[in-house]
Amino acid sequence: MAQNIIQGTITDSSGLPLVGVNIIEKGTSNGVVSNFDGYYKLELKGEATVVFSFLGFVSKEINVKSSSTVNVQLEENLESLNEIIVIGYGSQMKEEISGAVSSVEVEDLVTIPQVSVDQMIQGRASGVSVTTNSGQPGAAVSVRIRGVNSISGSSEPLYIIDGVPVPGESEEGGSSPLNSINQNDIESISILKDASATAIYGSRGSNGVVIITTKSGKKGKAKITLNSFVAIQEPTNILDVMTLPEYARLQNAINDIYNIDPIVEYSHPELLGPGTNWQQEIFSNAMMESHQISFQGGNEDVNYFISGGHLKQDGTVIASGFDRSTIRANIDAKLSDKIKVGINLTASRVNEKITLNGRSDGIIGLSLLNSPAIAVYNPDGSFAGPSLNDDFRTENAVAKALSLENKLIRDRILGNIYAEFQINKQLTFRTEFGGDFGKSLNNQFTPRYSYGEIQIANNTLSIANNYNDFWIIKNFLTYNNTFNDKHNVTAMIGAEAQESSYGGVTSTDGNFVGNDFPILGTGDATDNSTQFRASQALESYFGRLIYSFDNKYSITASMRADGSSKFSQGNKWGYFPSISGAWKLSNEPFMEGFDAIQNIKIYGGYGEVGNQNIPNFAYGSILRPVNTGLGTGFLVSNFANPDLTWESSTQTNMGFDFSLFKNSLNASIELYNKVSKDFLFQYASTNFVTGGQSPGAVNPPWVNLGEMVNRGIDVTLNYSTKTGGDFSWNSSLTFSHYRNEVTDLGDVPQINGAMNINYDGQQNITITRKGDPIGLFYGLEVEGIFRSVDDFVDAPIQYGRPFQDALFATTWLGDIKFKDQNNDGVIDDNDRTVIGNPHPDFTFGFQNSFNYKNFDLSVFVQGSYGNDVFNGIGRLLTAGNRTFTNQLSSVLDYWSVNNPEASAPRLARNDTRNIEISDRYIEDGSYVRIQNVTLGYTLDSKISEKIGFSLLKIYGSIQNLYTFTNYSGYDPEIGSFNQNTLLTGIDAGRYPSPRTFTLGVNVEF
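Residues numbered from 1 in each chain as written. Predicted model: local features only at pLDDT ≥ 70, side-chain atom pairs only at ≥ 80, totals over all residues. Heavy atoms only, no water.

Novice: Which residues make up helix α4 (residues 244–257), and what values do they have?
Specialist: With 14 residues, α4 extends 20 Å from end C-alpha to end C-alpha; this agrees with the ideal 20 Å at 1.5 Å per step. Where burial is concerned, most of α4 is hidden: 10 out of the 14 residues are buried. Three or more residues of α4 are buried, namely Leu244, Pro245, Glu246, Tyr247, Ala248, Leu250, Gln251, Ala253, Ile254 and Asn255. At the exit of α4 stands Asn259, carrying a positive phi of roughly 55°. (Helix = DSSP H or I, 4+ residues; strand = E, 2+ residues; numbered from the N terminus. Expected span 1.5 Å × (residues − 1). Buried < 20%, exposed > 50% of the residue type's maximum accessible area, 1.4 Å probe, protein only.)

Novice: Summarise the sheet that holds strand β15 (residues 164–167); cite the residues concerned and give the values.
Specialist: The strand order across the open sheet built from five strands is β11-β16-β17-β14-β15, with neighbouring strands paired in mixed fashion. Strands at the two margins of the open sheet, each flanked by one partner only, are β11 (101–104) and β15. On average, each strand axis in the sheet is inclined to that of its neighbour by 25°, with strand direction left out of account. One ladder, built from four bridges, connects β11 with strand β16 (residues 186–192); its direction is antiparallel. Within β16, the residue paired with Val104 across the bridge is Ile189. (Pairing = 2+ DSSP bridges. Axes fitted to C-alpha atoms, helices over the stretch in contact; angles between N-to-C directions.)

Novice: So, the side chain of Asp971: which residues are in play, and what are the values?
Specialist: Topologically, Asp971 is positioned in the loop between β52 (951–965) and β53 (986–987). Of the residues examined, Asp971 reaches a relative accessible area of 3% and is grouped as buried. At a separation of 2.7 Å, a polar atom in the side chain of Asp971 contacts the side chain of Arg929. Look past the residues within four positions of Asp971 in its chain and what remains in contact with it is Arg929, Arg990 and Ser993. (Polar contact = N/O pair within 3.5 Å; in protein donor to acceptor, adjacent residues only side chain to side chain. Contact = heavy atoms within 4.5 Å.)

Novice: Please give an account of the packing of aromatic side chains that cites residues and values.
Specialist: Tallied over the entire structure, the rule returns 33 aromatic pairs. Taken together, a centroid distance of 6.2 Å and an interplanar angle of 5° make the contact between Phe549 and Tyr553 stacked. A residue is classified by how much of its surface remains accessible, and Phe549, at 25% relative accessible area, is partly exposed. Tyr553 gets classed as partly exposed once you look at its relative accessible area, which sits at 35%. Seen in terms of ring centroids, Phe617 and Tyr619 are 5.0 Å apart; in terms of plane orientation they differ by 65°. Their pairing is edge-to-face. Owing to a relative accessible area of 36%, Phe617 belongs among the partly exposed residues under this scheme. Grouped by ring-pair contacts, the aromatic residues Tyr89, Tyr201, Phe476 and Phe542 constitute a single cluster. Over the face of the ring belonging to Tyr603 we find Lys601, whose NZ or CZ atom lies 5.0 Å from the ring centre. Here Arg913 stacks its cationic end above the ring of Tyr799, 4.1 Å away from the centre of that ring. (Phe/Tyr/Trp six-rings, centres within 6.5 Å; stacked < 30°, edge-to-face > 60°. Lys NZ or Arg CZ within 6 Å of the ring centre and 35° of its normal.)

Novice: Just give me the short version of the environment of Thr446, but keep the residues and values in it.
Specialist: As for its placement among the helices and strands, Thr446 is situated in strand β24 (residues 427–446). Owing to a relative accessible area of 25%, Thr446 belongs among the partly exposed residues under this scheme. When the C-alpha atoms of Thr446 and Ser462 are compared, they prove to be 8.8 Å apart, with 16 residues separating the residues in sequence. With near-sequence residues (within four places) excluded, Thr446 lies in contact with Leu404, Asn459 and Thr460.

Novice: Which residues make up the pattern of salt bridges, and what values do they have?
Specialist: Counted under the stated rule, the structure contains 30 salt bridges. A salt bridge links Glu1004 to Lys223, with the shortest nitrogen-to-oxygen separation between them at 3.9 Å. A residue pair is termed long-range when its members are at least 10 positions apart, and Glu1004 in strand β54 (residues 995–1004) and Lys223 in strand β18 (residues 220–234) qualify at 781 residues. Look at the salt bridges and you will find they share partners, linking Arg146, Lys193, Glu670 and Asp714 into a network. (Salt bridge = Lys/Arg side-chain N within 4 Å of Asp/Glu carboxyl O.)

Novice: If you had to explain the sheet that holds strand β41 (residues 776–779) to someone new, which residues and values would you point to?
Specialist: Strand order in this open sheet of four strands is β39-β40-β41-β46, and the pairing throughout is antiparallel. Whereas interior strands pair on both sides, the edge strands pair on one side only; in this sheet they are β39 (751–755) and β46 (833–836). Along the sheet, successive strands turn relative to each other by an average axial angle of 45°, direction set aside. Examined bridge by bridge, strand β40 (residues 763–768) and β41 share two bridges and lie antiparallel to one another. Opposite Thr766, over in β41, you have Phe777 as the bridge partner.

Novice: Mind laying out the environment of Ile161, listing which residues take part and the relevant values?
Specialist: For Ile161, the location among the structural elements is in strand β14 (residues 158–161). Once the C-alpha coordinates of Ile161 and Asn466 are considered, the two residues, 305 residues apart in sequence, prove to be 23 Å apart.

Novice: Tell me about the nonpolar core, and please be specific about residues and values.
Specialist: Core analysis: the biggest nonpolar cluster contains 29 residues, and Ile282, Ile364, Leu368, Val398 and Leu877 have the highest contact counts within it. Mapped by element, the contributors of at least two residues to this core are α5 (278–282), α6 (363–369), α7 (397–403), β25 (449–451) and α9 (872–877). Top element by residues in this core is α6. It accounts for five residues. In contact with Ile282, other than residues within four places in its own chain, are Thr316, Val317, Ile318, Ile363, Ile364, Ser367, Ala397 and Val398. (Core = buried A, V, L, I, M, F, W, Y, C linked by side-chain atoms within 4.5 Å.)

This is how it looks when you write it as structure tokens:
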């Protein structure tokens, strides 16, 4: 049979040559690969069909009858590109992955007016719960991947940004660690959820890993892109506190009950006007704007992406705001056929104006408590305040917001430089150096002021100058080869070293001549400076093997060893293995002709990860300085525990993927079981050992204790129409459910979560104990109100207070009746029980995108069901026990002889057990939120090209459009206070998230 020889050049749609294209004679193993110039030459045995295939491009088949020159142009396969998932130290086709890995559609995030990318992934991936801790611009969120993983440590995931690890814990001022990253620069987001996927990151992967890859240039004509939007934000909800007439009636009733002289001005409440609406004074509409320009392009030797951006967001609470400027340069270059180098570098400056919120003396808390009888300003324009006769004086919220200064400036450089050497066709060596370097300047100034009878005699200035330097070096070899067209092996081994050093100086001064120009050293107060510095390091070795056979079976195994400076000799090293496998059932011969279900894949895995999130030298004893009459002395600060070792977590994952309706519906269902144990926890059995709160007391040691289990299911459904006409519809549903249980706490009977939620000091609000989920709400159970003397018969005595009609230290008609849980005949703290659960039964996200000709519409809905919220600010606003303090209007339905069927207890005067932590303040936190609606129009390409654009899109969106909920507070989406797992779902007056109306434009030149 005559042989035919074909040759030619393979290019992309821009005419640039493609290197590495597979050219194979169909049905045989006869094939070649295109060279650096895109050239190929292949001998055929007579007439044959030749297949041209390349990752990310649509394959092409050409029938060849005789020797000839065949030049081929391949088109990009965008759908295929989206199937490439970035994993730890590499990437894989989605269909090859055997671990639990989710990807987020970055295109869905482009039009969302948010500062930080961690806020944007809410509801976008199953198994990933994102709750907003505060609506303050730039604030951190709580991200939980497959539940809670630690008791006292952080449960925030690790972020990998262009190869550089970034911890998920909040930064100074409660800021998000990602708010300095320009979201328009992001190319892809991958979320590693199970231990078989995260074990390659070892001790830093216990809470899951989010891999963020930024954009790079592409070969072809240079492109300029402009993304810009302006937005108006508005408050979504106002609480129903009393107007001045209602407030006057309340004060009159309290004065009458407690024989206080009446207030003449309140003698006829019906004649009074509405008074000061303090919420309207601190909340206002606010502007937000974002502008970014980028340049990208490349050729066969160099690709580049360069961008600059500026974002400014004013807060809906006065005197709060966020300002960010960023620049980025991502450059990749081929120095030769064997050597490739590149750099990904971003620099940013963030300027934040921070207000105090999330507690009763925060700006929001003060606005709710302030009397509507007090004006914001005096007639002379100065700030007003309470009078001398007010028993309980509440600060002017507007004055506090506008007078107190709390500014935070953060500069950051984050990036990675690499060199990659192609040793041969199968073996690649890559070396990287990455870093995250930052400094911050926090300026806090409290002026000298007098607002009514509230005075600050001396002004004070505090300036904190902090720095952090993090560097990481990675070297790894990757081997990839295919044998006999059926066996594919990818092996990787590497070593890594990283160090983080940080420190700072805080200086204070005060009693300046005036408030206008405070400078350290110019005040009459004694100057004071404190300094801190520390460092920590990690040495790591890792490897991974991926083997697949005949596009049917695959197995992945990895091992990582971490040596940490945080543990003593003998416990420094932790070892973290993983293994997973997948079976593509649809590729089996016996499945041929079975079209009812397509792309069936069954996969599962097991892995181990660790946690070292403790202070430096926690295993040893630290000395702390004390002042003595003979000079500076030192005391032991804490007990040592040289046996302290790694917190660990193991996870088993099983998954099932399939497609229906000719691949229109794609489904993924995953079941997991995660066991975390040996928690790093600071614990002492008795105060006798440590000295409690006495002078010279020694802090308890850090120990390993306990075990916790998270079991759950993640479901992802994607549907897309494939009509080929003017209309298309894509829909994605994510569903997540987990159950958390603490299975062991060692010798610790219980762990309480406490915080200063109101004006009555630290309160134990949550409990963690064996057999229950972590952080359950803990308090008294309310049985009702004592409405008649008959209710006192056989009723237990409450906190030692006799049933007696007296003003103080008694229980009487109208008081709350608590349940005697242990039936001992008295009500005390021993009757506290579980009263609520902050963990949801399930969370979900539902994205719908519609396209008709040049119009596109997207609607994103997300929600949570079954979780409880502790309404701490509601507790404060329904106390009914303080004069000159505003309350919710519902308090007016208080118990009295004339109103025995009231819904609220009797009025008290700062001496009541009615405000004990109880289920009175537990509410259903379930909600469904229309998170985003976006309508866009893309100008026809023929028209846009005539006016000089390759793309012109105009869009409008509404963020946080409406929330369906029964929760009575500002917002049912309550995260974790300061990201503390034990303080989840507590509303202490959080900054509510705004509703945002956006108008934007995307332009390409």
